[in-house]
Amino acid sequence: AREYAVQHDARRHWTFLLRREGQVARYSGDFATFVTVEHERSAAAATAESKINRMLTPVLVTLSLAETSGDFESALEAANAWLRLVLELGLAGMYALARVGGALTRLGRYDEAIQSFTEALRHHEIWGSAASFVGEHRQELARAQLGAGRIDEARESAERAYHEIA
């Protein structure tokens, strides 16, 4: 993909191509390449045509690196920064809210995570998201509810998620 992008002057898509390359490295367990590509992606965003890309990509790279390394305090900071930016830009905030909730869950801050996932689900309703995306976030809500000891709520959320994802 890199060679093709250079040969065909597709640099405007560079950050997106790097994101895919980084994901492949991460999912295949090549974390050294993943980290290198993520840093390259963040640097490439500085010259992107899109203001949104220039603003969000460095924050998303920080979030991705923090989550992958298990540094959930830094992941929470980055997710909150992403949330502030998307709301400032007038974009849908459900994915940022869900990442905030995910970091909070991993930090054992279940009640806050539940609030974040609940708000993410509210945003899904406002924006008319596909049921499968709603279900994925509801599944994460169920995990936070389970962690908080809210067994009945977790069961209800998990059952709803099952039907939304299916």
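What comes next concerns the included structure. Here the structure is a predicted model, which is why all the values come from computation and not from measurement. (Residues numbered from 1 in each chain as written. Predicted model: local features only at pLDDT ≥ 70, side-chain atom pairs only at ≥ 80, totals over all residues. Heavy atoms only, no water.)

**What about the overall build of the protein chain?**
Next up, step 1: Along its length, the protein chain carries nine helices and zero strands.
Next up, step 2: Counted from the first residue to the last, the protein chain has its helices and strands arranged as α-α-α-α-α-α-α-α-α.
Next up, step 3: Structurally, the protein chain occupies a C-alpha span of about 55 × 30 × 30 Å along its principal axes.
Next up, step 4: Here the analysis covers contacts within the protein chain between residues at least 6 apart in sequence; of these, 49% occur between residues at least 24 apart. (Helix = DSSP H or I, 4+ residues; strand = E, 2+ residues; numbered from the N terminus. Contact = heavy atoms within 4.5 Å.)

**Things to note about the pattern of salt bridges**
Next up, step 1: For the structure on display, the rule yields eight salt bridges.
Next up, step 2: The salt bridge partner of Arg122 is Glu119, with a shortest N-O separation of 2.6 Å. Note that Arg122 and Glu119 are positioned in helix H7 (residues 110-127) at a spacing of three residues, about one turn of the helix.
Next up, step 3: As a salt-bridge pair, Arg138 and Glu164 come within 2.9 Å of each other at their nearest N and O atoms. Of this pair, Arg138 sits in helix H8 (residues 131-147) while Glu164 sits in helix H9 (residues 151-165), placing them 26 residues apart in sequence. (Salt bridge = Lys/Arg side-chain N within 4 Å of Asp/Glu carboxyl O.)

**Quick notes on the packing of aromatic side chains**
Next up, step 1: Applying the stated rule across the entire model yields one aromatic pair.
Next up, step 2: For the ring pair Tyr95 and Phe133, a centre distance of 6.1 Å and an interplane angle of 90° mean the geometry is edge-to-face. One end of the pair, Tyr95, is in helix H6 (residues 94-106); the other, Phe133, is in helix H8, and 38 residues separate them in sequence.
Next up, step 3: With a relative accessible area of 44%, Phe133 lands in the partly exposed category. (Phe/Tyr/Trp six-rings, centres within 6.5 Å; stacked < 30°, edge-to-face > 60°. Buried < 20%, exposed > 50% of the residue type's maximum accessible area, 1.4 Å probe, protein only.)

**So, the side chain of His137**
Next up, step 1: By secondary structure assignment, the location of His137 is in helix H8.
Next up, step 2: Sequence-distant contacts of His137, defined by excluding residues within four places in its chain, comprise Met94, Tyr95, Ala98, Phe117, Leu121 and His124.

**Describing H9**
Next up, step 1: For H9, with 15 residues, the first-to-last C-alpha span of 21 Å sits near the 21 Å given by 1.5 Å per residue.
Next up, step 2: Those residues of H9 that are buried are in contact with H8. (Expected span 1.5 Å × (residues − 1).)

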